[in-house]
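Next come the chains, spelled out residue by residue.
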Amino acid sequence: MELYSLGVHELRRMLDKGEVTAKEIITSVYSRIDAVEQKIKAYVTLPRTEAFLMAEKADRDLSAGTNKVMTGIPVAVKDNMCTKGVPTTCSSKILRNFIPPYESTVTSKLIEAGYVLAGKTNLDEFAMGSSTENSGFHTTRNPWDTQRIPGGSSGGSAAAVAADECIAALGSDTGGSIRQPASLCGVVGMKPTYGRVSRYGLVAFASSLDQIGPITKNVTDCAMLLNVISGRDLRDSTSAPIGVPDFTAAIGKDIKGMKIGVPKEYFIEGMDPEVDAAVREAIRKFESLGAVPVDVSLPHTGYAVATYYVLATSEASSNLARYDGVKYGFRAEGKDLIDTYMRTRAEGFGPEVKRRIMLGTYALSSGYYDAYYRKAQQVRTLIKDDFEKVFREVDVIVTPTSPTAAFRMGEKTEDPLQMYLADIFTISVNLAGVPGISVPCGFTTGNLPIGLQLIGKHFDEETLLTASFAYEQSTEWHKRKPAL
Amino acid sequence: MKYESVIGLEVHAQMSTDTKIFCGCSTKFGAEPNSQTCEICIGMPGVLPVLNRKALEFAIRTGLAMHCSISPYSRFARKNYFYPDLPKGYQISQFEHPICEGGFVEIVVEGETKRIGITRIHMEEDAGKNIHEGNGSYSFVDLNRAGVPLMEIVSEPDIRSAKEASEYMKKLRTILRYLGVCDGNMEQGSLRCDANVSVRPAGRKEYGTRAEVKNINSFRFVEKALEYEIKRQIRVVEEGGKVIQETRLWDSAKGITESMRSKEEAHDYRYFPEPDLVPIAAEQRWIDEIGASLPELPDVKRERFTSEYGLPEYDADLLTTEKAVAEWFEESIKAGGQPKAVANWMMGDLMRLLNEENREIADCPLKPPQLADMLKLIDKGTISGKIAKTVFEEMYRSEKNAEEIVREKGLVQISDESAIEKIVDEVIAKHQKEAARFRAGEEKLLGFFVGQAMKAMKGKANPQVLNELLRKKLS
Ligand SMILES: [Zn+2]
């Protein structure tokens with residue numbers, strides 16, 4: 001068994017026992033990267049020198065006995081989280097040369113916990129997309145079929161985990177950007193409750209929806225990583241002043257009697273029958289483990305995609321205004337100030353980013369605000385209420401993560417609406433602010449992974465982890481590896 | 001036809017907090033460009049604002065002092081527009097849910113007290129500053145000011161003349177300085193004023209079309225700019241034209257307002273709630289604490305100065321415009337000064353000396369008890385009012401006490417009749433001719449004798465005693 005193929009908790013045990021060094025692990029991970037990265041293109045930046053230096057520091061900590069939970073563990077970070085001294089591009093030409101002079105809170109916490117930065121992973125430009133095809137640099141490939149996309153926008157992180165190009169990764173999820181690629185790449189991905197993890201240093205797409213979370217090879221690793229990154233941050237006013245439990249304690253608990261809501265709105269016409277079958281099979285598995293399925297309804301689900309695209313684009317149109325070529329990043333010199341603004345943004349942003357900026361600008365314009373932005377906020381409240389009502393009856397909700405398995409490159413690029421529907425099952429979770437996790441629950445006949453989504457109550461990631469772990473332990477899906 | 005003007009003011013007051021509104025950078029004025037910045041106030045990717053609680057406290061303080069209600073639910077909003085001095089491409093401001101609403105301040109114009117309604121007070125961040133130098137093909141941007149906390153105080157259209165507007169501005173400045181929330185310096189930009197102005201035939205209810213006048217950057221210009229704009233609008237109407245809704249810039253050099261942009265060209269700021277900041281729900285207990293800590297405000301203080309110290313309105317008004325002046329006054333009273341006398345000395349010699357050196361009363365070298373002590377010397381007859389002028393100025397310059405000065409310079413007033421009598425006799429003996437003329441009825445010559453006697457006594461004679469003795473000896 002190669003070191004790169006192992007998970008966080010396994011390597012933790014080996015490192016702490018002195019069976020392996022951090023340097024051996026990063027060497028193994030980088031040999032894997034050297035072997036497969038050309039095919040996968042998961043990364044935007046590979047800071048090899050820094051990574052080895054961090055591993056050496058980890059080994060010193062290990063011999064000094066000052067090792068912590070992530071000491072020596074190579075973690076890939078989506079390239080929209082600021083890493084001091086390491087380029088942070090958001091896979092956008094406009095930030096191609098941007099090197100932050102500050103560290104995001106999540107990576108600060110990882111540094112504090114001793115991690116090794118494996119590299120910065122590819123994404124759809126500014127996290128806008130579901131396939132990484134909107135990256136300003138290149139498209140990441142799905143390790144299970146390199147003619148297919150890995151999902152997005154955290155496609156680089158999910159592919160890197162699935163292809164063993166790192167031990168674990170961080171993604172960010174605004175409308176499904178962790179869960180959908182995790183599902184399509186056959187790994188575990190969690191979007192925590194909004195406010196659970198600090199957004200400081202996460203380059204904003206839609207501030208009221210963005211949330212950072214782990215992408216890992218198994219549920220235990222997810223809990224370990226979540227332990228490290230969670231908690232109130234005084235630099236993020238929207239981070240919740242709420243205690244953080246030990247999430248690993250949720251691992252291994254019994255799920256007998258756990259009520260599992262199955263919302264009828266999530267089993268729809270047009271869904272891939274193989275996905276439908278795999279999810280229904282998973283529900284039966286839960287039943288066999290002692291959980292109790294309950295039919296529930298989330299009646300406003302049908303409005304989620306429209307609501308999301310009004311709110312997310314509105315916030316994005318404002319969040320992305322700072323990229324004007326004045327202070328940092330790319331600048332296309334024009335004949336005057338306005339011309340410089342226009343050319344910088346015309347040349348610096350890709351087509352999907354421009355589309356969303358225009359949509360959002362329109363939705364916020366005077367005369368349209370009430371019909372779009374305000375209305376969407378009202379619907380958002382209804383969607384949140386749907387979840388609150390259902391959670392009075394059940395402990396978790398189970399749905400498919402994505403209506404289909406990974407699609408081919410180019411299959412949906414010509415039709416943005418089709419692309420937007422790839423997130424149809426994940427978007428409501430962001431609107432409601434509740435936590436969601438995707439775990440592998442089967443494969444199509446074409447050997448493509450299928451993901452199961454579990455949705456929890458506000459700040460109840462523990463129940464999600466308990467249920468996910470119980471399910472994972474009763475199946476073999478997470479043990480399969482793509483042939484590369 | 002007679003016209004009436006209708007004016008509403010939007011005043012931006014820079015709060016005098018030590019740090020910026022959403023980051024920890026210093027707000028000190030006049031530092032090296034961009035030396036007081038960080039990743040947050042220059043709008044780097046991924047950074048987030050955190051509200052400075054002091055700025056919120058200052059806004060609440062101001063709201064309470066201006067009789068506003070403090071909103072139990074308040075929110076920040078983003079005001080979106082592109083400009084190089086606005087690093088994020090939006091200004092964090094307040095729109096739908098300002099922190100304070102529905103208050104008033106009172107002004108006095110021509111002896112009449114008038115209430116000017118306050119529509120709202122909201123918090124926002126300041127922008128940076130573009131610096132245009134060189135050949136015009138480029139500009140510099142200084143972001144030291146970006147993120148400095150501001151309050152926007154919006155009045156109702158209750159103001160009816162340029163004079164009232166000026167009084168209102170002065171009153172705001174006084175209150176803000178009393179509260180210690182803004183230094184009120186218009187020339188340095190810590191107090192800025194935009195005015196909405198319209199005119200209508202006297203007696204009509206409907207408002208005329210208004211123009212917004214910007215760039216009124218000095219107290220001197222508030223009245224001038226508005227007077228100009230009111231006259232301009234009346235002229236437009238009288239010539240059969242229509243006032244158009246537009247933004248006009250006051251040009252202080254030319255003394256006119258000029259069109260900047262029309263309504264059609266107006267920005268669409270696309271306000272929406274700021275998702276990076278949680279709504280503000282200030283606890284009632286905290287608001288009550290802030291309310292309890294408010295200083296005595298100028299109107300109340302003025303009232304008290306007339307009733308408690310028996311000062312005339314004029315004196316009370318002048319002495320309460322600045323909190324520090326009022327405090328100086330009361331300290332002097334506490335040290336035993338007689339109120340009207342203290343007031344006179346303050347409004348006269350003290351203000352003159354301070355103005356000569358452009359000093360604030362806070363930096364006054366003369367301390368209030370020193371004035372009180374000097375006044376006691378006058379009362380006791382140790383020095384005359386005339387000599388006191390010299391003593392006062394000497395106290396101010398040397399920081400010595402009155403008694404010390406009087407002793408050192410030998411300025412003690414001579415009231416001893418025998419000493420004065422001796423001089424009087426000498427003077428009359430020396431000026432026999434004049435004495436004869438006086439006795440013949442040339443009364444005005446008394447002044448001549450007083451002058452001669454005073455000269456001989458180096459001005460130290462008690463004038464009353466001297467006068468009496470002269471009259472007695474000459475008759
Ligand atoms: Zn700053």
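What you see is a predicted model, and the numbers here were worked out from it, not measured in a lab. Every chain is numbered independently, its residues counted from 1 as its sequence is written. Written order determines the labels here, with chains lettered from A and ligands numbered from 1. With pLDDT at 70 or above as the cut-off, local features in this predicted model cover only qualifying residues; side-chain atom pairs require 80 or more to be listed or tallied, and sums for whole chains, interfaces and linings still use all residues. Each side-chain value is worked out from all heavy atoms of the structure, with water and hydrogens disregarded.

To continue, consider the overall build of chain A. Every helix listed is a DSSP run of H or I at least four residues long, and every strand listed is a run of E at least two residues long, numbered separately from the N terminus. When helices and strands are tallied, chain A shows 15 helices and 11 strands. Every radius of gyration here is taken over C-alpha atoms, with the globule rule written as 2.2 Å times N^0.38, N being the number of residues. Here the C-alpha radius of gyration of chain A, 21 Å, is about what a compact globule of 484 residues would show, namely 23 Å. Taken along the three principal axes of its C-alpha coordinates, chain A extends 65 × 55 × 45 Å. Burial status follows relative accessibility: with a 1.4 Å probe on protein chains alone, a residue under 20% of its type maximum counts as buried, one over 50% as exposed, and anything between as partly exposed. Within the span of chain A, comprising 484 residues, buried residues form 65% of the whole. Of the contacts made within chain A by residues no fewer than 6 positions apart, 75% connect residues no fewer than 24 positions apart. Working definition of accessibility: Shrake-Rupley area with a 1.4 Å probe, residue cover restricted to the visible protein chains. For chain A, the exposed area adds up to about 16,600 Å²; of that, 53% sits on carbon and sulfur atoms. The positive count covers Lys and Arg only, the negative count covers Asp and Glu only, and His and the chain ends enter neither. Charge coordinates come from a single atom per side chain, which is NZ of Lys, CZ of Arg, CG of Asp or CD of Glu. The average position of the 54 basic charges and that of the 57 acidic charges among the side chains of chain A differ by 2 Å. The criterion used for residue contact is that any of the two residues' heavy atoms lie within 4.5 Å.

Residues and elements named next belong to chain B. Metal donors: N, O and S atoms at distances within 2.8 Å, or within 3.2 Å for Na, K and Ca, with water omitted from the atom set so that some sites may seem incomplete. Looking at the zinc ion, one finds its protein donor set to be Cys23 (SG), Cys25 (SG), Cys38 (SG) and Cys41 (SG), positioned 2.3 to 2.4 Å from the metal centre. Note that the zinc ion binds four donor atoms; their angles at the metal cover 102 to 114 degrees, and the shape is tetrahedral. Sequence spacing of the donor residues for the zinc ion, all on one chain, is C-x1-C-x12-C-x2-C. Of this pair, Cys23 sits in the loop between strand S1 (3-14) and helix H1 (53-65) while Cys41 sits in the loop between S1 and H1, and the two are 18 residues apart along the sequence. The same class applies to Cys23 and to Cys41, which are both buried. For four-coordinate sites, all angles between 85 and 135 degrees define a tetrahedron; for four- and six-coordinate sites, opposite donors beyond 155 degrees with the remaining angles between 65 and 115 define square planar and octahedral shapes respectively, and all other cases count as irregular.

Right, let's talk about the pairing of strand S6 (residues 112-125) of chain B for a bit. Looking along a regular strand, one sees side chains alternate from face to face of the sheet. All names here are of chain B. Two strands pair when backbone bridges link them, and strand S5 (residues 100-109) and S6 are joined in this way by nine bridges, in the antiparallel orientation. When the sheet's bridge partners are listed, Phe104 is paired in S6 with Gly117. Whether two strands pair comes down to DSSP finding at least two bridges between them. Between S5 and S6, which pair antiparallel one after the other, the connecting turn spans two residues, and Glu110 there sits at a positive phi close to 50 degrees. Summarising the sheet, S6 and strand S9 (residues 149-155) pair through seven bridges and their orientation is antiparallel. Bridge pairing in S9 places Glu125 opposite Pro149.

Moving on, we get to unusual backbone geometry. Residue Ser153 of chain A is reached from Gly152 of chain A by a cis peptide bond, and omega for that bond is 5 degrees. Turning to its location among the elements, Ser153 of chain A is positioned in the loop between strand S3 (116-121) and helix H5 (155-162). Phi is positive for Ser91 of chain A, close to 50 degrees, though the residue is something other than glycine. Positionally, Ser91 of chain A belongs in the loop between strand S2 (74-78) and helix H4 (105-112). Even without being a glycine, Asn215 of chain B presents a positive backbone phi close to 70 degrees. In this structure, Asn215 of chain B sits in strand S11 (residues 211-216). By relative accessible area, Asn215 of chain B is classed as partly exposed at 38%.

Now for the nonpolar core. In this text, buried Ala, Val, Leu, Ile, Met, Phe, Trp, Tyr and Cys residues form a nonpolar core when linked through side-chain atoms within 4.5 Å. Met70, Phe126, Phe387, Leu452, Leu454 and Leu465 of chain A are the most contacted members of the largest nonpolar core, which has 159 residues in total. For Phe126 of chain A, the residues in contact, after removing those within four places along its chain, are Cys90, Ser92, Ile94, Leu95, Val203, Phe205, Leu320, Tyr323, Phe349 and Val353 of chain A. Judged by nonpolar contacts, the second largest core, of 100 residues, contains Leu56, Ile92, Val222 and Ala316 of chain B.

Taken together, the contact pairs 30 residues of chain B with 40 residues of chain A. Together, the buried faces of chain B and chain A total about 2,800 Å²; carbon and sulfur atoms form 57% of this surface. The largest share of the area that chain B buries against chain A comes from Pro45, Phe82 and Arg270 of chain B, three residues that together contribute 22% of it. Here, a salt bridge means any Lys or Arg side-chain nitrogen found within 4 Å of an Asp or Glu carboxyl oxygen. Applying the counting rule to chain B against chain A returns two salt bridges. For Asp276 of chain B, the salt bridge goes to Arg199 of chain A, with nearest N and O atoms at 3.0 Å. Within 3.5 Å is the distance limit for a polar contact, defined as a pair of N or O atoms, with the added protein rule that one can donate a hydrogen and the other accept it, and that residues adjacent in sequence qualify only through two side-chain atoms. On the surface where chain B and chain A come into contact, there are 17 residue pairs in polar contact (both at pLDDT 80 or more). Gly falls in the polar group here, along with every residue not listed as nonpolar (Ala, Val, Leu, Ile, Met, Phe, Trp, Tyr, Cys, Pro) or charged (Asp, Glu, Lys, Arg). Among the residues forming the side of chain B that touches chain A, the class breakdown is 19 nonpolar, four polar and seven charged. Buried area is a sum: the accessible area each of two parts loses on coming together, probed at 1.4 Å, counted once for each and added.

Before going further, it helps to spend a moment on the sheet that holds S1 of chain B. What holds strands together in a sheet is hydrogen bonding between their backbones, with the strands either parallel or antiparallel. All names here are of chain B. Reading across the sheet, the nine strands line up as S2-S5-S6-S9-S1-S10-S11-S12-S13 and stay open at both edges, with mixed pairing between neighbours. Two strands lie at the open edges of the sheet, namely strand S2 (69-70) and strand S13 (256-262), each paired on one side alone. Pairing of strand S10 (residues 191-201) with S11, which is carried by four bridges, proceeds in the antiparallel orientation. Note on S11: the bridge partner recorded for Val197 is Ala211.

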